[in-house]
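Here's the letter readout for the chains.
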Amino acid sequence: MTQASSSTVDQRRPTGVTVIGVFAYVGGIVDIVGGSMLLVLVTGAALVANPVPGGFVTAISIIVAGIVVVAVAGALLRGSGLARWIVTVVRGISIVGQVVALTSGGVALIAGLVSLTISVIVLSWLWTPRASAYFALERIPR
């Protein structure tokens, strides 16, 4: 074994990062499809003079959020440090919000604990030494 091959950094994406990215993709696609369905429902309801209040803005917001999630998921899977920080900040805010909601009784206990647990798992997987090494790799831009 040569010196160069023994010091080579493992460039494979860690499983935890892959799982997070795939779930984010799926969630983003679900948001896009769900928002599109709501948009069809809202515009159809408006045509029969029974509009859903705020439905159009809500539908567009869900679609845009889905597109952003898909973009961040793709960047995360490509090893973008910025995407990792975006996910970290969003999940950090989620943790704070869930802790506040759980301590104030403003959320169902099981749902709050599940959300809190998912956020902690996501953050722990994104910041393992192997994930940090993966995100630190220099890549050739596409």
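Reading guide: rules and limits
Residues numbered from 1 in each chain as written. Predicted model: local features only at pLDDT ≥ 70, side-chain atom pairs only at ≥ 80, totals over all residues. Heavy atoms only, no water. Helix = DSSP H or I, 4+ residues; strand = E, 2+ residues; numbered from the N terminus. Buried < 20%, exposed > 50% of the residue type's maximum accessible area, 1.4 Å probe, protein only. Contact = heavy atoms within 4.5 Å. Areas by Shrake-Rupley, 256 points an atom, 1.4 Å probe, with all protein chains shown as cover. pLDDT = per-residue confidence, 0-100. Axes fitted to C-alpha atoms, helices over the stretch in contact; angles between N-to-C directions. Parallel < 35°, antiparallel > 145°, perpendicular 65-115°, else oblique. Left-handed = near helix turned anticlockwise from the far one by under 90°. Nonpolar A, V, L, I, M, F, W, Y, C, P; charged D, E, K, R; others polar. Phe/Tyr/Trp six-rings, centres within 6.5 Å; stacked < 30°, edge-to-face > 60°. Patch = residues over 30% accessible without salt bridge, like charges linked within 9 Å, V, L, I, M, F, W, Y side chains within 5 Å. Salt bridge = Lys/Arg side-chain N within 4 Å of Asp/Glu carboxyl O. Polar contact = N/O pair within 3.5 Å; in protein donor to acceptor, adjacent residues only side chain to side chain.

**Here's the deal with the overall build of the chain**
In terms of helices and strands, the chain carries six helices and zero strands. If you list the helices and strands of the chain from N to C, you get α-α-α-α-α-α. Counting every position in the chain, which comprises 142 residues, the buried fraction comes to 26%. Contacts spanning at least 24 positions in sequence make up 72% of the contacts within the chain whose residues lie at least 6 apart. As displayed, the chain offers around 9,100 Å² of accessible surface, 73% of which is attributable to carbon and sulfur atoms.

**Here we look at the confidence of the model for the chain**
The predicted coordinates ought not to be read in detail in places where the model reports low pLDDT. Residues with a pLDDT of 70 or more make up 82% of the chain, whose mean pLDDT is 83. Mean pLDDT in the chain bottoms out at helix α1 (residues 3-6), which sits at 41, and peaks at helix α6 (residues 129-136), which reaches 92.

**Re the packing of helix α3 (residues 55-77) against helix α4 (residues 81-104)**
One way to put it is that α3 packs onto α4 with a least axis distance of 7 Å and a crossing angle of 125°. Taken as axis vectors, α3 and α4 run oblique relative to one another. Two packed elements cross with a definite hand, and for α3 against α4 that hand is left-handed. Mapping the contact onto sequence places Val72, Ala75 and Leu76 in α3 and Ala83, Arg84, Ile86 and Val87 in α4. Residues of the contact of α3 with α4, tallied by class, amount to six nonpolar, no polar and one charged.

**Observations concerning the packing of aromatic side chains**
The full count for this structure, using the stated rule, is two aromatic pairs. Taken together, a centroid distance of 4.9 Å and an interplanar angle of 65° make the contact between tryptophan 85 and tryptophan 127 edge-to-face. Note that tryptophan 85 is positioned in helix α4 and tryptophan 127 in the loop between α5 (109-126) and α6, a separation of 42 residues in sequence. Assessed through its relative accessible area of 49%, tryptophan 85 is described here as partly exposed.

**Some remarks on a nonpolar patch on the surface**
A cluster of nonpolar side chains, namely Phe56, Val57, Ile60, Val64 and Val68, defines an oily patch on the protein surface of about 430 Å² accessible area. Along the polypeptide, isoleucine 60 turns up in helix α3.

**Some remarks on the side chain of arginine 84**
Positionally, arginine 84 belongs in helix α4. For arginine 84, the side chain forms a polar contact with the side chain of serine 132, separated by 3.3 Å. Discounting chain neighbours no more than four positions away, the residues touching arginine 84 are Leu76, Leu126, Trp127, Ala131, Ser132 and Phe135.

**Examining the packing of α4 against α5**
Where α4 meets α5, the closest approach of the two axes is 9 Å, and the angle between their N-to-C directions is 150°. It follows that α4 is roughly antiparallel to α5 by the angle criterion. Regarding α4 and α5, the two cross each other, and that crossing is left-handed. Counting all contacts with α4, which are made through Arg84, Val87, Thr88, Arg91, Gly92, Ser94, Ile95, Gln98, Val99 and Leu102, the residues of α5 involved are Leu109, Gly112, Leu113, Ser115, Leu116, Ile118, Ser119, Val120, Val122, Leu123 and Leu126. In the contact of α4 with α5, the residues fall into twelve nonpolar, seven polar and two charged.

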